[in-house]
Protein chains: 2
Amino acid sequence: MGIGDDAALCSIPKGMQLAIAIDTLVEGVHFPVITCPYDIGYKALAVNLSDLAAMGATPAWMTLALTIPQTDDAWLAPFSQGLLELAKVAQVSLIGGDTTCGSLTVTIQVAGFVPINSALQRRGANPGDGIYVTGTIGDAGLGLASVQKRIKLHNEVQQFVESRLNRPNPRWREGKALRSIASSAIDISDGLAADLGHILNASAVGASIQLGSLPLSSALREHLSLEAAWNLALSAGDDYELCFTVPPNQETALQEALKSYSYTRIGIVETTLGLRSYDTEGRLFAPQKIGYQHFS
Amino acid sequence: MGIGDDAALCSIPKGMQLAIAIDTLVEGVHFPVITCPYDIGYKALAVNLSDLAAMGATPAWMTLALTIPQTDDAWLAPFSQGLLELAKVAQVSLIGGDTTCGSLTVTIQVAGFVPINSALQRRGANPGDGIYVTGTIGDAGLGLASVQKRIKLHNEVQQFVESRLNRPNPRWREGKALRSIASSAIDISDGLAADLGHILNASAVGASIQLGSLPLSSALREHLSLEAAWNLALSAGDDYELCFTVPPNQETALQEALKSYSYTRIGIVETTLGLRSYDTEGRLFAPQKIGYQHFS
């Protein structure tokens, strides 16, 4: 049933569970005031789809709670366009919402379907499992530095990294393909070190990762020192790639399941608690929160 | 599955649909800045439960997106208490949420279960159906006048009407009992005239109501002129009672289904479009938006 009654009515296919995620973006906190409305609409949905991806759920529907200072078609039209274009790609229906007056705040809740007892979770990683990430990581961190004018990049590179920040590519197709293969999964919103850390804590295991294996875009490799690039990949957030673990006996299945997608093995789960990062010469590397000086 | 993974996982009982509602309360818009945090938490859930009530759905779970200026336990503790006390009564589980920093904005989404194809809707009223409301109406409007110091009331009366404004009593039990009996239903959030109007429009019918039949509390009857009381009942919102219609052949079933609850017949559905209100002498009454002068 469409919008217009007091509540939306939804049916859930037989044998499926619902995965439900909710995220709020606040102007000036989660995106700079200068962000264009198209990107705000797009990203508000994207970060939620990324949560569904981490559970291996197929996106199904969403609700929108939009608080705006005033009704302004010049703002609402591109905002809706950004939101609905991604919704169309992800085959997500808008089933309800509430529009209120106040400081710009966008809350989206998404629901997805996942077969009963087959959702990916943070817990489940075991010693010996390989650790993987999709796509490339660190780009959104460089995009934020660019938006905040902490680094000056060539036009094309600037567009690439800012687009990685403002229009992340949620990996629900990959998440769905990983359902019976990965032993754990999470999406990278706070940086690889923090988010892989959530998997390790939830699974009561540790891990080693090889920084030389991190998938870095040419933008990062060509415009930053290797150390600065690693720090961005480890500590900057907003990439919305997936990080997941795969048991050794599922390696072949993994290759088949993700053959159309980009993914990289970066390390291994171990019994010793904690996360250890090694540089290309085998030395322990201490990640640093990336600061202004790295871009000067 | 509890809070802590990327998304919550929920199962839906066999034969059930989900009814989903979402509502945002913004400080200074939906509640005065002076509203106590307990009442904000309570009301944010209550208005959503009222939407489920209007669909005849049994409340099941909720998510909370809370935007607050700063983390403040002295505020969060009573806010949570108000929210969770009502959640306990309604047997609603908090399955997820997001807390962000910004102007005070509370978005709650609730989901409830309703047997497939038996949800109450706005469309469905037919000429000859009786029109009913639960409880008493207009109290929250008087409560708002009291909070805004537009009227001075005795302590006990003031407490009653302000409590009707800040702690509405969502009628999910009544809504559930009306599932196979009412031909249409809505909750009264914008005032009886507007909300009954939604039923009439959705059902392509009209109606006559008898103002002498409106269920008015003694607070309204004793502190306002009859005309002012009628105007509040018709045009002030925030009562969160149910308005519903019942076909003549369901009258006996209605008496049985709502025998433990308070409800009143106020009019009849007609083929002639529009809503007509008649005073106790049978004259047409034109509702007025209640203004300052009514309380002076």
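Thresholds, definitions, all that
- Throughout this document, residue positions are counted from 1 along each chain, in the order its sequence is written.
- Here the convention is simple: chains get letters from A, ligands get numbers from 1, in the order in which they are written.
- At least 70 in pLDDT is required for a residue's local features to be given in this predicted model, at least 80 for side-chain atom pairs to be given and counted, and no such filter applies to totals for whole chains, interfaces and linings, which use all residues.
- Note on conventions: DSSP H or I runs of at least 4 residues are helices, E runs of at least 2 residues are strands, and numbering of each starts at the N terminus.
- To sort residues by burial, count the other C-beta atoms lying within 10 Å of each one's C-beta; a count of 20 or more means buried, 12 or fewer means exposed, and anything in between means partly exposed. C-beta atoms are built from the backbone.
- An automatic or database domain assignment supplies the residue ranges for each domain.
- Residues are scored as being in contact if the C-beta atoms we place from backbone atoms lie within 7 Å.
- Residue type decides the class: Asp, Glu, Lys and Arg count as charged, Ala, Val, Leu, Ile, Met, Phe, Trp, Tyr, Cys and Pro as nonpolar, and the leftover types, Gly among them, as polar.
- Strands are labelled as partners when DSSP assigns at least two bridges between them.
- When the copies are superposed, the least-squares fit draws on C-alpha atoms of residues that have pLDDT of at least 70 in both.
- Helix axes are fitted to C-alpha atoms over the stretch in contact, other axes to C-alpha atoms as well, and angles between N-to-C directions run from 0 to 180 degrees.
- Angle categories: roughly parallel below 35 degrees, roughly antiparallel above 145, roughly perpendicular from 65 to 115, and oblique for all the rest.
- Take the far helix as the reference: if the near one is turned anticlockwise from it by less than a right angle, the crossing is left-handed, and if turned clockwise, right-handed.
- Here the expected length of a helix is defined as 1.5 Å per residue gap, with one fewer gap than residues.
- By arc we mean the arc of the directions from the helix axis to the C-beta atoms, nothing more.

## Describing the environment of Ser225(A)
Residue and element names in this part refer to chain A. Mapped onto the elements of the fold, Ser225 is located in the loop between α7 (218–223) and α8 (226–235). Assessed through the 9 C-beta atoms surrounding it within 10 Å, Ser225 is described here as exposed. For the pair Ser225 and Thr71, spaced 154 residues apart in sequence, the C-alpha to C-alpha distance is 46 Å.

## Considerations on the domain arrangement of chain A
Residues and elements named next belong to chain A. Domain boundaries in chain A define domain 1 (16–115) and domain 2 (130–285). Computed from C-alpha coordinates alone, the two centres of domain 1 and domain 2 are separated by 24 Å. Each partner contributes to the interface: domain 1 provides 18 residues, whereas domain 2 provides 18 residues. Those elements giving two or more residues to the side of domain 1 that touches domain 2 turn out to be α1 (37–55) and β3 (58–68). When residues of the side of domain 1 that touches domain 2 are assigned to their parent elements, the largest contribution, 12 residues, is made by α1. Within the side of domain 1 that touches domain 2, the residues separate by chemical class into 11 nonpolar, four polar and three charged.

## Things to note about the interface of chain B and chain A
Taken together, the contacts link 43 residues of chain B with 43 residues of chain A. Listing elements by their share of the side of chain B that touches chain A, those giving two or more residues are β1 (8–10), β2 (16–26), α1 (37–55), β3 (58–68), β4 (93–101), β5 (105–115) and β7 (184–187) of chain B. The dominant element in the side of chain B that touches chain A, judged by the number of residues it contributes, is β2(B), at nine residues. Here the side of chain B that touches chain A is built from residues that sort into 22 nonpolar, 14 polar and seven charged. As paired elements, strand β2 (residues 16–26) of chain A and β1(B) share three bridges and run antiparallel to each other. Paired with Ile20(A) across the two strands is Ala8(B), which belongs to β1(B).

## Some points on the relation of the copies chain B and chain A
When chain B is fitted to chain A, the residual RMSD is 0.0 Å, and the transformation amounts to a turn of 180 degrees plus an axial shift of 0.0 Å. Such a combination of turn and shift is consistent with a two-fold rotation axis. Residue Ser103(B) of chain B places its C-alpha closer to the rotation axis than any other residue of that unit, at 3.3 Å. Interface overlap between copies: 100% of the residues of chain B at the interface are likewise at the interface in chain A, consistent with a symmetric, same-surface contact.

## Re the sheet that holds β5(B)
Overall, mixed pairing links the five strands, which are arranged β1(A)-β2(B)-β5(B)-β3(B)-β4(B) in an open sheet. Only two strands of the sheet have a single neighbouring strand rather than two, namely β1 (8–10) of chain A together with β4 of chain B. Each neighbouring strand pair of the sheet contributes to a mean axis angle of 20 degrees, computed without reference to strand direction. As judged from the 11 bridges shared by β2(B) and β5(B), these two strands associate in the antiparallel manner. Bridging across to β5(B), Ala21(B) finds its partner in Val110(B).

## Considering the sheet that holds strand β6 (residues 130–134) of chain B
Residues and elements named next belong to chain B. Within the open sheet, the six strands sit side by side as β7-β9-β6-β10-β8-β11. Their pairing is mixed. Each of the sheet's edge strands pairs with one partner strand only, and the pair in question is β7 and β11 (274–278). Going across the sheet, the axis of each strand differs from the next one's by a mean of 25 degrees, ignoring polarity. Each of β7 and β9 (242–246) is contacted by α1, which is oriented at about 175 degrees to β7, the strand it contacts most.

## Remarks on the packing of helix α3 (residues 139–147) of chain A against helix α4 (residues 155–166) of chain A
Residues and elements named next belong to chain A. Look at α3 against α4: their axes get within 7 Å of each other, and the N-to-C directions meet at 110 degrees. Of the possible angle classes, the one that applies to α3 and α4 is roughly perpendicular. As α3 packs across α4, the resulting crossing turns out to be left-handed. Counted together, Asp139, Ala140, Leu142, Gly143, Leu144, Ser146 and Val147 of α3 and Gln158, Val161, Glu162, Arg164 and Leu165 of α4 form the full contact between these two elements. In the contact of α3 with α4, the residues fall into six nonpolar, three polar and three charged.

## Topic: helix α2 (residues 73–90) of chain A
All names here are of chain A. Counted at 1.5 Å a residue, the expected span for α2 with its 18 residues is 26 Å, and the 25 Å between its end C-alpha atoms agrees. If you check which residues of α2 are buried, you get Phe79, Gly82, Leu83, Leu86, Ala87 and Ala90. Buried residues of α2, seen end-on, are gathered within an arc of 125 degrees and therefore sit on one face of the element. Projecting away from the buried face of α2 at angles above 90 degrees are the exposed residues Asp73, Ala74 and Lys88. Looking at the buried side of α2, the elements it contacts are α1, β3, β4 (93–101) and α5 (172–177). Following α2 by one or two positions, Gln91 adopts a phi angle in the positive range, close to 55 degrees.

## Considering unusual backbone geometry
Residue and element names in this part refer to chain A. One non-glycine residue, Lys149, adopts positive backbone phi at about 60 degrees. Considering the arrangement of structural elements, one finds Lys149 in the loop between α3 and α4. Given 8 C-beta atoms within a 10 Å radius, Lys149 is considered exposed. Phi is positive for Tyr240, which is not a glycine, with a value near 55 degrees. Take Tyr240: it is sitting in the loop between α8 and β9 (242–246). When the 26 C-beta atoms within 10 Å are taken as the criterion, Tyr240 is described as buried.

## Here we look at the packing of α1(A) against α2(A)
Residues and elements named next belong to chain A. Where α1 contacts α2, the axes come no closer than 6 Å and their chain directions differ by 35 degrees. Viewed along their axes, α1 and α2 form a crossing whose handedness is right-handed. Mapping the contact onto sequence places Pro37, Tyr38, Asp39, Ile40, Gly41, Tyr42, Ala44, Leu45, Ala46 and Leu49 in α1 and Trp75, Pro78, Phe79, Ser80, Gln81, Gly82, Leu83, Leu86, Ala87 and Ala90 in α2. Along the lines of polarity and charge, the residues of the contact of α1 with α2 split into 15 nonpolar, four polar and one charged.

## Notes on α1(A)
For an α-helix, the turn length of 3.6 residues means that residues three or four places apart are oriented alike. For α1(A), which comprises 19 residues, the first-to-last C-alpha distance of 28 Å matches the rise-based estimate of 27 Å (1.5 Å per residue) to within 8%. The buried count for α1(A) comes to 17 of 19 residues, which makes it a mostly enclosed element.

## A look at the environment of Ser180(A)
Residues and elements named next belong to chain A. The topology assignment puts Ser180 in the loop between α5 and β7 (184–187). What makes Ser180 exposed here is the crowd of 12 C-beta atoms within 10 Å. Taking the C-alpha atoms as reference, Ser180 lies 12 Å from Glu256; in sequence the two are 76 residues apart.

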